[in-house]
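Architecture and fold: a report
In case you want the letters, here they are:
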Amino acid sequence: MRAAALSAMRAAARPTVAASYAHAVAHARGPGDDGTGAADTTRGAWASPTQRLPFAEVRLLWERILGPDEDPYVGLAVGSSLRPADLHVLGHLVLASSSLAEAAAAAVSYHPLVSEAGVLSLHRGPRQSRMVYGPTVAPGAMHPQQVEAVVTGMVTAAGWIARDWAPASVSFAHRAIGDPGRYVEILRCPVVFEAAENAVTVRTAELDRPRALSDPELVALHRRHADVLLGGLPASATVRARVRGWLDQADLLRAGPEDLRDILFLSPRTLRRALREEGTSWRELLDDARHMRALVLLRTTDLTLDGVARQVGLSGAAALVRAFSRWHHMTPGAYRRHHAHDRHTAHSKKPPP
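For the structure given in this document, a descriptive report is provided here. Treat the numbers as computed from the prediction; the structure is a model and nothing was measured. Once a new chain begins, its residue numbering starts again from 1 and follows that chain's sequence as written. Given that this is a predicted model, residues contribute local features only at a pLDDT of at least 70 and side-chain atom pairs are listed and counted only at 80 or more, while totals for whole chains, interfaces and linings are drawn from all residues. The side-chain quantities take in all heavy atoms of the structure and omit both hydrogens and water.

On to the sheet that holds strand β4 (residues 128–135), then. For two strands to be treated as a pair, DSSP must find at least two bridges joining them. Counting from the N terminus, the helices are DSSP H or I runs at least four residues long and the strands are E runs at least two residues long. An order of β3-β4-β7-β5-β6 is seen for the five strands of this open sheet, with the pairing classed as mixed. Two strands bound the open sheet, and with one partner strand each, they are β3 (118–123) and β6 (191–192). Bridge count for β3 against β4 is six bridges, and the pairing is antiparallel. Residue pairing in the sheet places G118 in a bridge with P135 of β4. In this analysis, two residues are considered to be in contact whenever any of their non-hydrogen atoms come within 4.5 Å of each other. Only the stretch in contact is used when fitting a helix axis, every axis being a line fitted to C-alpha atoms; angles between N-to-C directions are given from 0 to 180 degrees. Each of β3 and β4 is contacted by helix α13 (residues 268–277), which is oriented at about 80° to β3, the strand it contacts most.

Written out as structure tokens, the structure is:
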């Protein structure tokens, strides 16, 4: 069952990238100097900023602009040259935000509109806070320069609304691929490599400092448009949906967030953070999966309550009764009696031996 779940999850995980961001990558060094062919970026899915490009296609673009020597500074160039339009509606939301905190919250919510190949999360502390980026594609599928472009882009976007601002520090999970001094020069802060996470650390007081000029009505307008676009993305774009899909076929007695390392490419800690940013948690999704599976088993099988409990990852009948009373305010036995017709129908559909 775990192999089937793994296969289904990977089949559903085909991340896409906004054409507007792909254009920014293609032209980071200036028009005509990217080696991709200008005509290729004006046709088909490239022609509209809201179109989606397969991540694999954008990776090929990166490989062309990196060149045979894999220029170590291309990511810095892409990230530092970003304009609001390159992030489409998210860029305009950031530009209209009343504070860095509001801009960061928008980035966490709407980053999938730019790319589904990673997740952003904001972790607030009393003195310092961190904006963390975690790729959700297989290790090796994303060049370090691609990660650096995202992290540098966060610093650049913050500068649109806080012009004299600089982060407290920046960290990358990979080793330095160029002169560390070049990173410090561009990011204007200490830079750490081979760290636990890719992150921009900011002073919390600066995160919450209000802008002199902001437009709440414009922010609301952009959010409405962003919500419409976000609703148009496939459900598999969210970490929550992908975890739910895996849990549907998993062994719920043994399932844990560490089992998803090879599927989402996120550590249990980062996975929990990503789910929290999406308004849920591992415990809540596991409880929902147990609930849904218990309903099906009670309606369609003659398993004892102990048997149903084991199938949904609970210790026994008593634990199932407690959980079911919380879910439905009735006992599992009462639910089964109410749906006895479903069980008889399921048995009648079984092929003869």
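Bringing the pattern of salt bridges into the picture now. Each salt bridge in this description consists of a side-chain nitrogen of Lys or Arg and a carboxyl oxygen of Asp or Glu lying within 4 Å of one another. Considering all chains together, one arrives at ten salt bridges under this definition. In this structure, R59 and E63 form a salt bridge, with 3.0 Å as the shortest nitrogen-oxygen distance. Residue R59 and its partner E63 are both found in helix α3 (residues 55–66); the two are separated by four residues, about one turn of the helix. By relative accessible area, E63 is classed as partly exposed at 33%. Here R203 ties to E206 by a salt bridge, and the two come within 3.7 Å at their closest N and O atoms. Only protein chains enter the accessibility calculation, which uses a 1.4 Å probe; a residue whose area is less than 20% of its type maximum is buried, one above 50% is exposed, and one in between is partly exposed. The exposure class assigned to R203 is partly exposed, which follows from its relative accessible area of 37%.

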